[in-house]
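Topology and contacts: notes
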Amino acid sequence: GAVVSQHPSRVICKSGTSVKIECRSLDFQATTMFWYRQFPKQSLMLMATSNEGSKATYEQGVEKDKFLINHASLTLSTLTVTSAHPEDSSFYICSAKFRGSTDTQYFGPGTRLTVL
Amino acid sequence: QKEVEQDPGPLSVPEGAIVSLNCTYSNSAFQYFMWYRQYSRKGPELLMYTYSSGNKEDGRFTAQVDKSSKYISLFIRDSQPSDSATYLCAMSGGGGGSNYKLTFGKGTLLTVNP
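Read on for an overview of the structure. (Residues numbered from 1 in each chain as written. Chains lettered and ligands numbered in written order. Predicted model: local features only at pLDDT ≥ 70, side-chain atom pairs only at ≥ 80, totals over all residues. Heavy atoms only, no water.)

**Quick look at the sheet that holds strand E6 (residues 54-58) of chain B**
Residue and element names in this part refer to chain B. If you walk across this open sheet you meet the 5 strands as E1-E3-E8-E7-E6, and the pairing is antiparallel. Of all the strands in the sheet, the pair left with one neighbour each is strand E1 (4-6) and E6. The sheet shows a mean angle of 15° between the axes of neighbouring strands, direction not considered. Where strand E7 (residues 61-66) meets strand E8 (residues 71-76), 6 bridges bridge the pair, whose relative direction is antiparallel. If you follow Thr62 over to E8, its bridge partner there is Phe75. (Pairing = 2+ DSSP bridges. Helix = DSSP H or I, 4+ residues; strand = E, 2+ residues; numbered from the N terminus. Axes fitted to C-alpha atoms, helices over the stretch in contact; angles between N-to-C directions.)

**Some remarks on the interface of chain B and chain A**
With 21 residues of chain B at the interface, the matching set in chain A holds 20 residues. Between chain B and chain A, the buried area comes to about 1,600 Å², and carbon and sulfur atoms account for 57% of it. Contact with chain A buries surface across chain B, with B:Tyr100, B:Lys101 and B:Phe104 losing the most and accounting together for 33% of the total. In this structure, B:Lys101 and A:Glu59 form a salt bridge, with 2.6 Å as the shortest nitrogen-oxygen distance. On inspection of chain B and its partner chain A, the count reaches 6 residue pairs in polar contact (both at pLDDT 80 or more). For the side of chain B that touches chain A, the secondary-structure elements that each account for two or more residues are strand E4 (32-38), strand E5 (45-51) and strand E9 (85-92) of chain B. With 4 residues, E4(B) is the single largest residue contributor to the side of chain B that touches chain A. In the side of chain B that touches chain A, the residues fall into 10 nonpolar, 7 polar and 4 charged. (Contact = heavy atoms within 4.5 Å. Buried area = accessible area lost by both parts, 1.4 Å probe. Salt bridge = Lys/Arg side-chain N within 4 Å of Asp/Glu carboxyl O. Polar contact = N/O pair within 3.5 Å; in protein donor to acceptor, adjacent residues only side chain to side chain. Nonpolar A, V, L, I, M, F, W, Y, C, P; charged D, E, K, R; others polar.)

Here it is, written out as structure tokens:
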């Protein structure tokens, strides 16, 4: 149980374009979803937290207009990287928790974004 | 001082060895402690979850929490090449608000050699 999927697993795009990444909880209702960014050989950096039907809460230093997060349902959250640039190239990982799971988060497999 | 300290390794052991991975933390508000395993280019996978001090065992894995020393450990018995991965400790304060956010260690890269 507690399976989280992400799509796509890998995406390559041109500089200036926008990219949407989907995160789905497959067998539970995710009351809260999280978006992380991970650079090579580094730990996860939390970008934002989103609750279903509410605006996302962004961590300090994360541009909300650049990283648009939508949590439209209890099983789906999307991250849109707008006007992507090469410095946005990274590994993006979502996670989810459900009511009653205390603080345990279940992670998706990640999306590798490469901006040319 | 960082909130969570974890030796990044790398740690290399022979197959069958007992592996000990550790994290120390400074925030006494942390109540929940987790260990995640992350294979290269994959998302973290939850291995163990503990609350309060004590030991918890699951198969070859044992998680240990000593809140008085602010020290947590993960032991892997009879290590296998398939255990080769980065192990991340994570912890949170519980209690709602922003306390549910996870604070991660940097991760320890483990290689188990056949």
